[in-house]
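Geometric and topological summary
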Amino acid sequence: MNDAPMIEVSGLYKIFGSNPDAAMPLIEEGRGKDEIFDKTGQTVGVHDAELSIREGEIFVVMGLSGSGKSTMVRLLNRLIEPTSGSIRINGRDVTSMSHKELIELRRRDLAMVFQSFALMPHRTVLDNAAFGLEVAGEDRDKRRERAMEALEQVGLDANANSYPDELSGGMQQRVGLARALATDPSIMLMDEAFSALDPLIRTEMQDELLELQRRQARTVVFISHDLDEAMRIGDRIAIMQDGRIVQVGTPEEIVTQPANDYVRSFFYGVDISQVFTAADIMDKQHLTVVERPGMGVRAALESLRRHDRDFAVVVGSDGHYEGIVSADALARVLNESDEPGFRDAFESVEPVPTDGLLDELIGRCADTAAPIPVVDGDGRYRGAVSRSRLLRTLDRTSDASSEATENAGGSHE
């Protein structure tokens, strides 16, 4: 992921109504959204929004109904005209673009996926996927070729000649996703794209999006009202309340450092073990020993005693995880063998991947006193999760959830 901003929003306002200027003095006085509507008849949709969205990240905008999240995403591609403020995409000011420039931006850089599948029933899956390219003026052979490639990405190439009514809801939404991918956009705007789907299919579509990101990372702005979804797919999350952005952060930051009671209220009923990953809580400073000439069992045992540790992680010289050893096991093999090796002292502990969820760790931590090693996709050691570290995380997030319940009266409303 590139840290360079792909989308920058500054001082952005959207006021709905025939006289937006009437609302601005009240906004400057700090009046609330409801009071402004009562006095002026104008509705504040987005209030002084500031955002910086990085290239290649999934950025989730969430909030309750009426918070302004769907207005925000439509402002980014000017489906809704902003009242004031700046929107820059790749350094270009979208708010000052001519109609022609805006159309070109939408064709080249932006694609949008809506909650409604909006498929044309009289067209095949292939022709539906190619529709955006058809509108852009691509010739028939080229657009069908690119549409087929997009269908392959979402696993629907075998259904290219089917019609929408022959597909399940999840498959229809995949066609909508393929239609967006066919134009090869650098930015995808997804407005409640999966919320109309059954829970199981919804989870499958979230997995599909994450897999697409692994293969070819795009900048994705994803609108959702569901905290579980936001935390499952989002690299960062912006939470909106009454048109304002009240907090932006990673899933862990949102859970552990909520900005206000409104943010805390979202945690009621959230299963944190299904949200945090091993990488989120692992200890990168756990004692390690490198298996190499000159570093044997005796040296490892001395290192453990010197650091007053019970366990150490053994890694190869290339950083790959080898195993976990304990001081007791090292002492035992020294007594039992003239030429002991690390493998004689390894504990029965299997590593977990960096993206492994906490619920996978709970059972493992219960079965062993040893820390659970965390490895990346290449098997390299990245950190470890101890039983005490896991319990502290669960306890801390449980306290946050309890506090949210008390402040919100046990309700999202």
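As recorded by an unreviewed UniProt entry, the chain carries the name Quaternary amine transport ATP-binding protein and is attributed to Wenzhouxiangella sediminis. Taken from UniProt, the Subcellular location (unreviewed entry) comment for the chain reads in full: "Cell inner membrane". Taken directly from UniProt, the Sequence similarities (unreviewed entry) text for the chain runs: "Belongs to the ABC transporter superfamily."

Axis separation between helix α14 (residues 297-306) and helix α15 (residues 327-336) bottoms out at 10 Å; the angle between their running directions is 145°. Considering how the two elements wind past one another, α14 and α15 form a crossing that is left-handed. When α14 is examined against α15, the residues V297, R298, A300, L301, L304 and R305 are found in contact with a partner set consisting of A327, L330, A331, V333 and L334. For the contact of α14 with α15, a count of residues per class yields nine nonpolar, no polar and two charged.

Of note, L209 is situated in helix α9 (residues 199-215). Judged by relative accessible area, which is 1%, L209 ranks as buried. Taking the C-alpha atoms as reference, L209 lies 9.0 Å from L177; in sequence the two are 32 residues apart. Contact partners of L209, with chain neighbours within four places excluded, come to I58, M190, F194, F222 and I233.

Attention now moves to the packing of helix α8 (residues 169-182) against α9. Where α8 contacts α9, the axes come no closer than 10 Å and their chain directions differ by 25°. One finds that α8 runs roughly parallel with respect to α9. Crossing hand, α8 versus α9: right-handed. Taken together, the residues of α9 that come into contact with α8 (itself represented by G170, Q173, R174, L177 and L181) are I201, E204, M205, E208 and L212. Looking at the contact of α8 with α9 residue by residue, the classes come out as five nonpolar, two polar and three charged.

Before going further, it helps to examine the side chain of R78. By the secondary structure assignment, R78 is in the loop between α3 (69-76) and β4 (84-89). Not counting residues within four places of it along the chain, the set of residues in contact with R78 comprises V94, T95, S96, M97, L102 and R106.

Inspection of the entire model under this criterion finds one aromatic pair. Arranged with centres 5.4 Å apart and planes meeting at 55°, the rings of F194 and F222 form a pair that is tilted. Within this pair, whereas F194 is found in the loop between β7 (187-191) and α9, its partner F222 is found in strand β8 (residues 219-224), the two being separated by 28 residues in sequence. We classify F194 as buried; its relative accessible area is 1%. K14 extends its terminal NZ or CZ atom over the ring of F16, reaching a point 5.2 Å from the ring centre.

What is expected of a backbone is that most residues other than glycine have negative phi and most peptide bonds are trans. The phi dihedral of R78 is positive, around 60°, even though this residue is not glycine. The residue D184 is not glycine, and still its phi comes out positive at about 50°. In this fold, D184 is placed in the loop between α8 and β7.

Let us now look at the nonpolar core. Of all hydrophobic cores here, the largest spans 67 residues; its most connected members are L177, M190 and F222. When residues of this core are assigned to their parent elements, the largest contribution, six residues, is made by α8. Two domains each provide a minimum of three residues to this core, namely domain 1 (7-272) and domain 2 (280-390). Counting 29 residues, the second largest nonpolar core, distinct from the first, contains V9, V61, L76 and M112.

One can read the domain layout of the chain as domain 1 (7-272) and domain 2 (280-390). On a C-alpha basis, the centroid separation for the pair domain 1 and domain 2 is 43 Å.

Attention now moves to the pairing of strand β6 (residues 110-114). β6 sits mainly inside the fold: four of its five residues count as buried. Looking at chain direction, β6 and β7 are connected through five bridges and run parallel. Bridging from a neighbouring strand, F114 pairs with D191 of β7.

Here is what the cut-offs are and how they apply
- Residues numbered from 1 in each chain as written.
- Predicted model: local features only at pLDDT ≥ 70, side-chain atom pairs only at ≥ 80, totals over all residues.
- Heavy atoms only, no water.
- UniProt positions renumbered as here; feature names shortened; annotations may be inferred.
- Axes fitted to C-alpha atoms, helices over the stretch in contact; angles between N-to-C directions.
- Helix = DSSP H or I, 4+ residues; strand = E, 2+ residues; numbered from the N terminus.
- Left-handed = near helix turned anticlockwise from the far one by under 90°.
- Contact = heavy atoms within 4.5 Å.
- Nonpolar A, V, L, I, M, F, W, Y, C, P; charged D, E, K, R; others polar.
- Buried < 20%, exposed > 50% of the residue type's maximum accessible area, 1.4 Å probe, protein only.
- Parallel < 35°, antiparallel > 145°, perpendicular 65-115°, else oblique.
- Phe/Tyr/Trp six-rings, centres within 6.5 Å; stacked < 30°, edge-to-face > 60°.
- Lys NZ or Arg CZ within 6 Å of the ring centre and 35° of its normal.
- Core = buried A, V, L, I, M, F, W, Y, C linked by side-chain atoms within 4.5 Å.
- Domains from an automatic or database assignment.
- Pairing = 2+ DSSP bridges.

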